[in-house]
Amino acid sequence: MAGVSSESLKAALAEVEPKLATAPLSLATELFGILEVLDGSAGLRRAVTDPSRSAEEKSGLIRGILAGRVSADAEQIASSLAASRWADARDIGDALETIAATVAIAVAESKGAAAGGGASGLEALENDLFAFNTVVGSSHELQSALADQAANPEKKAELARKLVPGASDEAQLLIRQAVVAPRGVKPVKLVERFAELAAKRQERWIATVDVTRPLTEEQFGRLQAGLNALYGRDLKVNVAVDPELIGGIRVKVGDEVVDASVLTKLGELRRKLVS
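Residues numbered from 1 in each chain as written. Predicted model: local features only at pLDDT ≥ 70, side-chain atom pairs only at ≥ 80, totals over all residues. Heavy atoms only, no water.

Student: I keep staring at the pattern of salt bridges and nothing clicks. Help me out?
Tutor: Pairs can form between side chains of opposite charge whenever their charged atoms are close. Evaluation of the coordinates by the stated rule reveals 22 salt bridges. The residue Asp94 makes a salt bridge to Arg183 at a minimum N-O spacing of 2.7 Å. Of this pair, Asp94 sits in helix 6 (residues 89-114) while Arg183 sits in the loop between helix 10 (169-180) and helix 11 (187-202), placing them 89 residues apart in sequence. Close ionic contact of Arg183 with Glu97 constitutes a salt bridge, the shortest N to O distance being 3.7 Å. One end of the pair, Arg183, is in the loop between helix 10 and helix 11; the other, Glu97, is in helix 6, and 86 residues separate them in sequence. Glu97 sits in the buried class, given a relative accessible area of 5%. In this structure, a network of salt bridges that share partners links the residues Asp39, Arg90, Asp94, Glu97, Arg183 and Arg193. (Salt bridge = Lys/Arg side-chain N within 4 Å of Asp/Glu carboxyl O. Helix = DSSP H or I, 4+ residues; strand = E, 2+ residues; numbered from the N terminus. Buried < 20%, exposed > 50% of the residue type's maximum accessible area, 1.4 Å probe, protein only.)

Here it is in C-alpha cells:
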C-alpha cells in the first residue's frame, strides 16, 4: 500500500488511536466481520472506493449497511474508511484488517498496562503468535491443512485453537482471522504480520535517548520521571552517548522524535540562512 492509500490508512489509525485505551476485543471482532462483508462483495468494494463518488455518499452507503448491526465505534471506523481515498479497491480491506488487528493488539497492551506494564502485554501476545507459527512451521501436514481453501473454515479455526490452547483471547482472535480469512497469503504469513504490528506498537514503550555525556544516577532518575510524565506511561529508557550532538538531548519514542540538540539547532539555522 502506497501513495494516497497509505496516507488514508495513516489518518485512519490516528483517528482510532484515542479509542484504543478503552476498546474492547469485541470491536476487533466486529471490524473483522465488516472486512468479511467487504471481501465478499467486489461491487461494494468498488462502490466505496470509487473516486467519482463523494465522501458523504460512500460513507452513507456503509452506514446504511451496518446500521444496527455493529457498535457505533465499528460503524464510525468503517464509514470513515469509506469516506477516504484509495488507490485500489483492495486497499480499503487491507486498511480495515490493519485497524482490526491494531485494536486487538491494543487490548493486549491495555491488559499488560493494568498488570504493571503495557509492553509485557504486547510481548506476551507476540510470544503467542510466534508459538503458533513455530508449531505450524514444523509440520507440512499442518501447513497444508490450514492453507486448504476447500476445508471448512470453522474446522480450521478449531484446529488452530488447539495448537496454542494457552494463548490469550487477543492472540486467538488474530490466529483465527489468519486461518479463516488469510486474504491471499499463507496463514503463517498473516500471523507474522500481526506479530510485526504488535512489535511496532511495543516501540511506544521504549524511549531511546541520545546525550553528549554519561548521565549520573540522579540525572537518569529525573529523565525517567520526566519522560513517564510526558507520555503518561512507564517507559523503558535506553541511553546512548553521542558526542556528535555537541550539546542537548535527543529522544525517540516510537515514531516520535524530540530533538533539542545543538547540532539540530545549528542545522535549522543553516537552513534559515540558505532560504
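Student: Which parts of the structure should I look at to understand the packing of helix 1 (residues 3-20) against helix 5 (residues 72-83)?
Tutor: A pair of packed helices can be characterised by two numbers: the angle between their axes and the separation between those axes. Close contact between helix 1 and helix 5 brings their axes to 10 Å; oriented N to C, the two are set at 165°. Looking at the two axes, helix 1 sits roughly antiparallel to helix 5. In this structure, helix 1 crosses over helix 5, and the sense of that crossing is right-handed. Seen from helix 1, the contacting residues are Ala12, Glu15, Val16 and Lys19; seen from helix 5, they are Asp73, Gln76, Ile77, Ser80 and Leu81. (Axes fitted to C-alpha atoms, helices over the stretch in contact; angles between N-to-C directions. Parallel < 35°, antiparallel > 145°, perpendicular 65-115°, else oblique. Left-handed = near helix turned anticlockwise from the far one by under 90°. Contact = heavy atoms within 4.5 Å.)

Student: Before we go on, may I ask you to explain a nonpolar patch on the surface in this structure?
Tutor: Residues Leu215, Phe220 and Val239 make up a contiguous nonpolar surface patch of roughly 200 Å² in combined accessible area. With respect to the helices and strands, the residue Phe220 is situated in helix 12 (residues 217-231). (Patch = residues over 30% accessible without salt bridge, like charges linked within 9 Å, V, L, I, M, F, W, Y side chains within 5 Å. Areas by Shrake-Rupley, 256 points an atom, 1.4 Å probe, with all protein chains shown as cover.)

Student: Can you walk me through unusual backbone geometry in this structure?
Tutor: The general pattern is negative phi for most residues beyond glycine and trans for most peptide bonds. The backbone phi angle of Arg183 is positive, close to 55°, even though this residue is not glycine. Classification of Arg183 as buried rests on a relative accessible area of 12%.

Student: Help me out: how do you make sense of the nonpolar core in this one?
Tutor: The nonpolar side chains of a soluble globular protein tend to be buried, and buried together. Core analysis: the largest hydrophobic core is formed by 57 residues, its most contacted members being Leu31, Leu81, Leu129, Phe132 and Leu174. Looking at this core element by element, the count peaks at 12 residues for helix 6. One finds Leu227, Val237, Val251 and Val253 within the second-largest nonpolar core, a separate group that totals 10 residues. (Core = buried A, V, L, I, M, F, W, Y, C linked by side-chain atoms within 4.5 Å.)

Student: How should I be thinking about the sheet that holds strand 1 (residues 206-211) in this particular structure?
Tutor: Hydrogen bonds between backbone groups are what pair the strands of a sheet, and the pairing can be parallel or antiparallel. If you walk across this open sheet you meet the four strands as 2-1-3-4, and the pairing is mixed. The open sheet has two edge strands, strand 2 (236-241) and strand 4 (256-259), and neither has a second partner. For this sheet, the mean angle separating the axes of adjacent strands, direction not counted, is 15°. In terms of strand pairing, strand 1 meets strand 2 through six bridges, oriented parallel. Considered in strand 2, the bridge of Val209 is made with Val239. (Pairing = 2+ DSSP bridges.)

Student: Help me understand the packing of aromatic side chains, please; the structure alone is not making it clear to me.
Tutor: Between two aromatic rings, the relevant description is the distance of the centres plus the angle of the planes. Applying the stated rule across the entire model yields one aromatic pair. Ring plane angle 55° and centroid distance 6.4 Å describe the contact between Phe32 and Phe194, whose orientation is recorded as tilted. Pair noted here: Phe32 is in helix 2 (residues 25-39) and Phe194 is in helix 11, with a separation of 162 residues, a long-range link. When its relative accessible area of 0% is taken as the criterion, Phe194 is described as buried. Its guanidinium or amino end placed over the ring of Trp205, Arg233 lies 5.8 Å from that ring's centre, counting from NZ or CZ. (Phe/Tyr/Trp six-rings, centres within 6.5 Å; stacked < 30°, edge-to-face > 60°. Lys NZ or Arg CZ within 6 Å of the ring centre and 35° of its normal.)

Student: Before we go on, may I ask you to explain the environment of Leu159 in this structure?
Tutor: By the secondary structure assignment, Leu159 is in helix 9 (residues 153-163). With relative accessibility at 27%, the residue Leu159 sits in the partly exposed group. Considering only alpha carbons, one finds Leu159 and Leu146, 13 residues apart in sequence, at a separation of 8.2 Å. For Leu159, the residues in contact, after removing those within four places along its chain, are Leu142, Ala145 and Leu146.

Student: What's the story with the side chain of Asn133 in this structure? I'm lost.
Tutor: Relative to the assigned elements, Asn133 resides in helix 7 (residues 118-137). Residue classification places Asn133 among the buried residues on the basis of a relative accessible area of 15%. Look past the residues within four positions of Asn133 in its chain and what remains in contact with it is Val188, Val191 and Glu192.

Student: Where do I start with the side chain of Thr102 in this structure?
Tutor: Among the structural elements, Thr102 can be located in helix 6. Setting aside its immediate chain neighbours within four residues, Thr102 contacts Leu13 and Leu20.

Student: Would you take a moment to explain the layout of surface pockets for this structure?
Tutor: Rolled over the atoms, a probe with the dimensions of a water molecule shows which regions are left empty. One number sums up the size of the largest pocket: a volume of about 740 Å³. In this structure, the largest pocket is lined by 20 residues; those nearest its centre are Leu13, Glu17, Arg201, Arg204 and Asp255. Residue assignment for the lining of the largest pocket shows that the elements contributing at least two residues are helix 1, helix 6 and helix 11. Looking at the lining of the largest pocket, the element that brings in the most residues is helix 1, giving six residues. Tallied by class, residues from the lining of the largest pocket come to eight nonpolar, three polar and nine charged. Its volume calculated, the second largest pocket comes out at about 340 Å³. In terms of lining residues, the second largest pocket is bounded by 13 residues, among which Phe32, Glu36, Gln177, Val180 and Ala181 are the most central. Among the elements of the structure, helix 2 and helix 10 are those that each provide at least two residues to the lining of the second largest pocket. Here the element with the most residues in the lining of the second largest pocket is helix 2; it accounts for six residues. Of the residues contributing to the lining of the second largest pocket, the split by class is five nonpolar, four polar and four charged. (1 Å grid on protein atoms, 1.4 Å probe; cavity = no way out; pocket = protein on both sides within 12 Å on 5 of 7 lines; lining within 4 Å. Points joined across faces, edges and corners; volume = space filled by probe spheres on them. Nonpolar A, V, L, I, M, F, W, Y, C, P; charged D, E, K, R; others polar.)

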